[in-house]
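# Reading the structure
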Amino acid sequence: MGKKIVLRLLDRSNFMFSKDELGFNERNLEAFNKILEQPYGIILVTGPTGSGKTTTLYATLKELNRIEKKHNYSRRSSRI
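From a predicted model like this one, the values you see are computed outputs, not experimental measurements.

## Some details on the overall build of the protein
Looking only at helices and strands, one finds two helices and zero strands in the protein. Buried residues in the protein amount to 11% of all 80 residues. Look at the contacts in the protein between residues 6 or more apart in sequence, and 63% of them connect residues 24 or more apart. Only carbon and sulfur atoms are counted for the fraction: they give 55% of the accessible area of the protein, which is about 7,700 Å².

Here you go:
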């Protein structure tokens, strides 16, 4: 039996959504935001190909990085 591999090339511009643009209903978005506020844990994102797993993770990481940068900037500003 031969080996098979599939390589998907993705357009990065398709991942530039905010969490609010992902299509969560209000209740699920609130629950997701509460989960993201926790200082530790894990989020398991599952679904079929093309269901938005990567887009969801990119949007989440984008927001977490923004919050982290804002937090770091605030700490540096308070030392001045």
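Now, onward.
## Details of helix H1 (residues 26–36)
Think of an α-helix as turning once every 3.6 residues; residues three or four places apart then point the same way. All buried positions along H1 are accounted for by Leu 29, Phe 32 and Leu 36. The arc enclosing the buried residues of H1, seen along the axis, measures out at 65°, which places them on a common side. The exposed residues of H1 that point more than 90 degrees off its buried face are Arg 27 and Lys 34. The backbone nitrogen of Arg 27 has a side-chain oxygen 3.2 Å away, supplied by the residue at the start of H1, namely Asn 25.

## Structural notes on the pattern of salt bridges
This model, assessed by the stated rule, comprises one salt bridge. In this structure, the salt-bridge partner of Glu 63 is Lys 19, at a minimum N-O distance of 2.8 Å. Here Glu 63 is found in helix H2 (residues 53–79), whereas its partner Lys 19 is found in the segment before H1, with 44 residues between them in sequence. Taking relative accessible area as the criterion, Lys 19 reaches 4% and is therefore assigned buried.

## Details of the environment of Met 16
Looking at the secondary structure, you find Met 16 in the segment before H1. Put simply, Met 16 and Lys 62 are 46 residues apart on the chain and 8.5 Å apart in space, counted from C-alpha to C-alpha.

## Focus: the side chain of Thr 56
Here Thr 56 shows up in helix H2. Ignoring anything within four residues of it in the chain, the contact list for Thr 56 reads Leu 22, Phe 24 and Phe 32.

Criteria and cut-off values
Residues numbered from 1 in each chain as written. Predicted model: local features only at pLDDT ≥ 70, side-chain atom pairs only at ≥ 80, totals over all residues. Heavy atoms only, no water. Helix = DSSP H or I, 4+ residues; strand = E, 2+ residues; numbered from the N terminus. Buried < 20%, exposed > 50% of the residue type's maximum accessible area, 1.4 Å probe, protein only. Contact = heavy atoms within 4.5 Å. Areas by Shrake-Rupley, 256 points an atom, 1.4 Å probe, with all protein chains shown as cover. Arc of directions from axis to C-beta. Polar contact = N/O pair within 3.5 Å; in protein donor to acceptor, adjacent residues only side chain to side chain. Salt bridge = Lys/Arg side-chain N within 4 Å of Asp/Glu carboxyl O.

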